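Below are the chains, spelled out letter by letter.
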Amino acid sequence: MGLWVRTLLVTVPPAELEEARSGHIEQLLRLKSEGRLRAAGELGDGDGFLEIFEAADRREAEAIARSSPLVEEGLGTWMLREWKEIPL
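Residues numbered from 1 in each chain as written. Predicted model: local features only at pLDDT ≥ 70, side-chain atom pairs only at ≥ 80, totals over all residues. Heavy atoms only, no water.

Novice: Any chance you could explain the pattern of salt bridges here in plain terms?
Specialist: Two side chains of opposite charge can pair, provided their charged atoms sit close to one another. On inspection of all chains with the given rule, the structure shows eight salt bridges. Residue Glu 51 pairs with Arg 6 through a salt bridge whose shortest N-O separation is 2.6 Å. A residue pair is termed long-range when its members are at least 10 positions apart, and Glu 51 in strand S3 (residues 48-55) and Arg 6 in strand S1 (residues 2-10) qualify at 45 residues. Here the residues in one salt-bridge network are Glu 34, Arg 36 and Glu 60, joined through shared partners. (Salt bridge = Lys/Arg side-chain N within 4 Å of Asp/Glu carboxyl O. Helix = DSSP H or I, 4+ residues; strand = E, 2+ residues; numbered from the N terminus.)

Printed below as a string of structure tokens:
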């Protein structure tokens, strides 16, 4: 399994986010319960999220990235990149 980073930037006012944000958090909790979520957080000014998760390949990573309600409902833009951890 490889590691992937999804950055999601919200493009709508906060009032339009409540339900989709809850669904996004549920998605992250599912990934965590599956042991696939390495890190997740909300950007400091509340206008987005960043997550690092495991996926078998790019196709699976894209399916995960697109399955957030924030993405499905077009409430933000997202970027997906493969993460190469540096052993320090």
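Novice: How do you make sense of the pairing of S1 when you look at a structure like this?
Specialist: Two faces, one strand: in a regular strand the side chains alternate between the faces of the sheet. Taking burial as the measure, the nine residues of S1 include eight buried ones, the bulk of the element. Inspection of the sheet shows S1 paired to S3 by eight bridges, in the antiparallel sense. Paired with Leu 8 across the two strands is Phe 49, which belongs to S3. Where S1 lies against strand S4 (residues 76-83), eight bridges are found, and the strand directions are antiparallel. Within the sheet, the bridge partner assigned to Arg 6 lies in S4 and is Leu 80. (Buried < 20%, exposed > 50% of the residue type's maximum accessible area, 1.4 Å probe, protein only. Pairing = 2+ DSSP bridges.)

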